[in-house]
Amino acid sequence: MKELFKLFITFAKIGSMTFGGGYAMLPILQREIVDKNKWCTEDDLMDYFAIGQCTPGIIAVNTATFIGYRLRGVIGGIFATIGLVFPSIVIITIIAAFIRGFADLEIVAHALSGIKICVCALILDATIKLGKKSIIDTYCLVVFLLVFFISLLTDISTIILIAAAGLAGVVVNIVRKRREGRS
Amino acid sequence: MLYLRLFYEFFKTGLFAIGGGLATLPFLYEISEKTGWFSTQDISNMIAVSESTPGPIGINMSTYVGFHTAYGPYGFAGALLGGIIATLALVIPSLVIIEIISGFLKKFKDSTLVKNVFYSLRPASTALVAAAGLGVAKTALLTDSQLIWAVPDIFSIVNWVALLIGGLLFAAIRFFKFHPIVYIAASAVIGIVLQL
C-alpha cells in the first residue's frame, strides 16, 4: 500500500510539473523515476517511450502505466495513471470554473514564453542523455538520422516510423542469428 | 444522457488518437461538429489553456471539455463530474492496452528478438524526441515560425534574446543538475520580468 501511494504521489508530482506534451515530461521522468527512485533504467524508459508513441492514447499516460505495472503489476499501473491525471483535473477545473480568459492574461503569456524556451533546453539535455545510451554503433546512428530527418521533413506518421524501426530490429535479429549459426 | 455520451466520445478518442496530446485535436473537432457542445472558437481557447497549464495537453483538454460541457446543464458539481468522466474515459483504453503489453513484455523480456527490436527502437525513439524538441524550438526561438522556409536568411527571424536565454539555461542545466522544475520556474519569472 505504501508503495502504491508513493507511485500516486510521484506521478502527481510529475503531472503537475509537465508543461506541454509527453515529450516535455521526459526530463522530469529521467529525474524522478530513473535518478531518484531508481524504478527503471534509462534504457527501459526509452523502450516505454518508443512503445507509448505508437500505441493509442496519450504518451505520458502510456509511460506512467508501464512504470506502475513494472513496480506493482496491474494495480500499480492504475495508481500511476490516476496520479498523473490528478493535478490536471484539479488545476483545469479551477481555471475553467473561476478564471475567465486565463490564457489571454498577459502575465500567463509572458511566463509561458519563458517556459517554452526552458522546455527546449530541457529536451535538448534529455536527447543528449538518451543519445549516449541509444546510439551505440553505426547501425543505431543510421536509424537515428533516418528517423530524425524523415520526421522533420515529411508528414509520415510517427506510428509508421516506429513500426519500421521495429521491423528493422526483426531483420537485425535474423541476421545476427545467421551469423551465430555460421560461426 | 450527457455523461454517457461524454464517456463514449472520449473513450473513442483515447482508443484511436495515437501519438500524444495533439493527436486528440481532430477528434475534438469532430465532437464539436457532431454534438454542438462547444464551438471551434472554444477549442482554440481550450488548447490555449491546456498548453499554458501543467499536465499533459490531452488530459488537460479532456478535463476542460468535460467540465465546460456539463457546466451549463448541471452546474458546478455536475461539471466537476463531467471533467472526471471525460478524463477517465480518455485514459482507460491506453491503460488497458499498456497493461496487456506490459504483461507480454515481462514474459518475453529475455528473448533475443525482443532485445533486438528494442535495440532498433531506441535510436528511433531518441530521434523522435529530438525532432519534437526542434518543433518547440521553432516556436520558442523564432519570431515567426511560419516563415521558416519563406525568408531568404534564417537569421532575420531568430529571436536573439530567447536564443541567449535558452543557451544560458542549457548551460545551467548541464552544469548544475538541479531538478527540472527549478529551471521551469526560473524561466517563467524571466519571461514575466523581460515581458517575452
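The structure we're discussing is the one just above.
In short, a report on the structure.

This part takes up the overall build of chain B. Regarding its fold elements, chain B presents seven helices and one strand. Taking 2.2 N^0.38 as the reference for a compact globule, 196 residues should give roughly 16 Å; the C-alpha atoms of chain B span a radius of gyration of 21 Å, well beyond that estimate. Projected onto its principal axes, the C-alpha coordinates of chain B cover approximately 55 × 50 × 35 Å. Across the 196 residues of chain B, 51% fall into the buried class. Contacts in chain B between residues far apart in sequence, at least 24 positions, make up 43% of those at least 6 positions apart. When the accessible surface of chain B is summed, it comes to about 9,200 Å², and 71% of that surface belongs to carbon and sulfur atoms. The average position of the 11 basic charges and that of the 9 acidic charges among the side chains of chain B differ by 16 Å.

Its location among the elements puts Val 61 of chain A in helix H4 (residues 59-98). When the C-alpha positions of Val 61 of chain A and Trp 39 of chain A are compared, they lie 16 Å apart, and in sequence the two are 22 residues distant.

In many reports, interface size means the accessible area that the parts give up when they come together. Residue-level contacts link 99 residues of chain A with 85 residues of chain B. Looking at the side of chain A facing chain B, the largest losses of area belong to Ile 58, Ile 92 and Ile 117 of chain A, adding up to 8% of the total buried there. At the boundary of chain A and chain B, one finds three salt bridges. Measuring nitrogen to oxygen at the nearest pair gives 3.8 Å for the salt bridge that ties Arg 122 of chain B to Asp 43 of chain A. The interface formed by chain A and chain B includes 18 residue pairs in polar contact (both at pLDDT 80 or more).

Below, the discussion takes up the pattern of salt bridges. Counted according to the given criterion, the structure contains 13 salt bridges over all chains. Two residues, Glu 32 of chain A and Lys 13 of chain A, come together in a salt bridge whose shortest N-O distance is 3.4 Å. Note that Glu 32 of chain A is positioned in helix H2 (residues 22-36) and Lys 13 of chain A in helix H1 (residues 2-17), a separation of 19 residues in sequence. On the accessibility criterion, Lys 13 of chain A (33% relative accessible area) is partly exposed. Between Arg 5 of chain B and Glu 9 of chain B there is a salt bridge; the shortest N-O distance is 3.8 Å. Residue Arg 5 of chain B and its partner Glu 9 of chain B are located together in helix H1 (residues 2-16), separated by four residues, close to a single helical turn. Given the relative accessible area of 35%, Arg 5 of chain B is considered partly exposed. On the basis of relative accessibility, which here comes to 2%, the residue Glu 9 of chain B falls in the buried class.

Scoring rules and cut-offs
Residues numbered from 1 in each chain as written. Chains lettered and ligands numbered in written order. Predicted model: local features only at pLDDT ≥ 70, side-chain atom pairs only at ≥ 80, totals over all residues. Heavy atoms only, no water. Helix = DSSP H or I, 4+ residues; strand = E, 2+ residues; numbered from the N terminus. Rg over C-alpha atoms; globule rule 2.2 N^0.38 Å. Buried < 20%, exposed > 50% of the residue type's maximum accessible area, 1.4 Å probe, protein only. Contact = heavy atoms within 4.5 Å. Areas by Shrake-Rupley, 256 points an atom, 1.4 Å probe, with all protein chains shown as cover. Lys, Arg positive; Asp, Glu negative; His and termini not counted. Charge placed at Lys NZ, Arg CZ, Asp CG, Glu CD. Buried area = accessible area lost by both parts, 1.4 Å probe. Salt bridge = Lys/Arg side-chain N within 4 Å of Asp/Glu carboxyl O. Polar contact = N/O pair within 3.5 Å; in protein donor to acceptor, adjacent residues only side chain to side chain.

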